[in-house]
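Next come the chains, spelled out residue by residue.
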Amino acid sequence: MSKKIIVTGSQGYIGTLLVQLLCDVGYNVIGIDSGLYRGQDCGACSDAANSLTIDIRDLEPQHLEGAFAVCHLAALSNDPLGNIDPALTMDINCQGSLHVARIAKAAGVQRFLFSSSCSTYGAAGDEYLDEYATLNPITAYGVSKVNSEKGIRELADESFCPVYLRNATAYGFSPRLRLDLVVNDFVSAAFLNKRIFIKSDGTPWRPLVHVRDICAAFQAMLEADRSLIFNRAFNIGSTAENYRVSELAEIVRHAVPDCEVIYDPAGGPDKRCYRVCCDLVRDVVPNFQPQWTVAQGVAELLEGFMVSGLSSSDLELQRFHRLPVLRQRLQSGVFDSQLRPTVTHFQTSSSGWQT
Ligand SMILES: NC(=O)c1ccc[n+]([C@@H]2O[C@H](COP(=O)([O-])OP(=O)(O)OC[C@H]3O[C@@H](n4cnc5c(N)ncnc54)[C@H](O)[C@@H]3O)[C@@H](O)[C@H]2O)c1
């Protein structure tokens, strides 16, 4: 019988593709998601697995019973989202993650794959950072990931094997698109407006990883020898795929004829700057071999935008930017201040949100 795998955040940018991948290779996948961005799909999108519409803060052990592993992705998923309310980011990302880890352990789940982030390194310099580098998060989001890792670490024992996937910044096409990620942002602006706008001076380093390579890393961690990955953190990406923001803009500019790059005259050096070494995962989990480069991902995004019909109004309405969508849903009462759906507005039917 195929192993049962729980994926939280299953209707997100990464989760949607992860569920698809795990179903394709034969796992019995159950998705869990509270539907924060329901209805904001780019092109055709259907969920590959059975899913539960539930907030991770409300999960109980019986929701996870019989599962071999939990891939825990549900979160307020970037630095700016911490601006809504830093305490809420801590509540969902940190307390919520600890809650899921505790009930997973209580339910007999053997492996807990936590979707962490290279944002944990925060403000660093030009040196390559490996998994032993000092963590220096500078946002509520980054702190929430550091504290989650710390708290989950204490649960590790012979029955419960947590692993921390510190993902680089993702790029690439997913039907649950995000355009608040640097490469996706630049490609969409170049595609629709022939203009890339850089908010900093372009000097910060970022490690980049294709969204499908993140999914492949989760699969590799599900299948890796337990003793090799037990309670360890891994930077997920490729050491060769670190770029300055200005270099990313140039890659996109070369792929889109007549596109210009504009720097915000007031833009200083973004404090978030980290250059990451990803050699550990390559050495310890050789089944994970990242397949994509940024240049290939840019071409894939352009193709995806063309096929799905990404439009100027999508950009103007910021349909694929997490922070404005949540702000709008909070203001219109779809969610209460704790991002719990209000009874009158929450629809679980296939018609999605009624706002
Ligand atoms: N995309 C990246 O570049 C990146 C990089 C590093 C780490 N990560 C991490 O990977 C994970 C997934 O990222 P993503 O880009 O797919 O984000 P996303 O915002 O697209 O998806 C997050 C999903 O989690 C769900 N969710 C949020 N709060 C929830 C709650 N309380 N209960 C149930 N579901 C909830 C949302 O509805 C959404 O579908 C996150 O933990 C994120 O921090 C992402």
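Here the structure is shown first, and the text comes after it.
As a starting point, this report considers the structure included with it. (Residues numbered from 1 in each chain as written. Predicted model: local features only at pLDDT ≥ 70, side-chain atom pairs only at ≥ 80, totals over all residues. Heavy atoms only, no water.)

## Points about the overall build of the protein chain
The secondary structure content of the protein chain amounts to 12 helices and 14 strands. Along the longest, intermediate and shortest principal axes, the C-alpha atoms of the protein chain span 55 × 50 × 35 Å. Buried residues in the protein chain amount to 55% of all 355 residues. Taking the contacts inside the protein chain whose residues are at least 6 apart along the sequence as the reference set, 81% of them involve residues at least 24 apart. Carbon and sulfur atoms make up 50% of the accessible area of the protein chain, which amounts to about 14,500 Å² in all. Mean positive and mean negative side-chain charge positions of the protein chain (31 and 39 charges, respectively) differ by 2 Å. (Helix = DSSP H or I, 4+ residues; strand = E, 2+ residues; numbered from the N terminus. Buried < 20%, exposed > 50% of the residue type's maximum accessible area, 1.4 Å probe, protein only. Contact = heavy atoms within 4.5 Å. Areas by Shrake-Rupley, 256 points an atom, 1.4 Å probe, with all protein chains shown as cover. Lys, Arg positive; Asp, Glu negative; His and termini not counted. Charge placed at Lys NZ, Arg CZ, Asp CG, Glu CD.)

## Here we look at the sheet that holds strand 2 (residues 28-33)
Strand pairing in a sheet takes place through backbone hydrogen bonds and is either antiparallel or parallel in direction. On the basis of which strands lie adjacent, the open sheet formed by seven strands has the order 3-2-1-4-5-7-11 and parallel pairing. The sheet terminates laterally at strand 3 (50-53) and strand 11 (233-236), the two strands that pair on one side only. Averaged over neighbouring strand pairs, the angle between their axes works out to 20° when direction is ignored. Relative to strand 5 (residues 111-117), helix 3 (residues 86-106) is tilted by about 165°, and along the sheet it contacts strand 4 (69-72) and strand 5. (Pairing = 2+ DSSP bridges. Axes fitted to C-alpha atoms, helices over the stretch in contact; angles between N-to-C directions.)

## Concerning helix 1 (residues 13-24)
Each turn of an α-helix holds 3.6 residues, which means side chains three or four residues apart point in the same direction. The terminal C-alpha atoms of helix 1 lie 18 Å apart, and with 12 residues this matches the ideal 16 Å at 1.5 Å per residue to within 8%. Buried residues of helix 1: Y13, I14, G15, T16, L17, L18, V19 and L22, and no others. Note on helix 1: the residue one or two positions beyond its end, G26, has a positive phi of about 105°. (Expected span 1.5 Å × (residues − 1).)

## Focus: the pairing of strand 9 (residues 195-198)
Residues I196 and I198 line the buried face of strand 9, whereas the alternating positions R195 and F197 sit on a face that is not buried. For strand 9 and strand 13 (residues 260-263), the ladder comprises four bridges, and the chain directions are parallel. Bridge pairing in strand 13 links I198 to Y263.

## Quick notes on the packing of aromatic side chains
Evaluation of the coordinates by the stated rule reveals three aromatic pairs. Pairing F173 with F305 gives two aromatic rings, centres 6.4 Å apart and planes at 70°, and the pair type is edge-to-face. Remark: F305 occurs in helix 10 (residues 294-308) and F173 occurs in the loop between strand 8 (169-171) and helix 5 (182-193); sequence separation between them is 132 residues. Neither F173 nor F305 differs from the other in exposure class; each is buried. (Phe/Tyr/Trp six-rings, centres within 6.5 Å; stacked < 30°, edge-to-face > 60°.)

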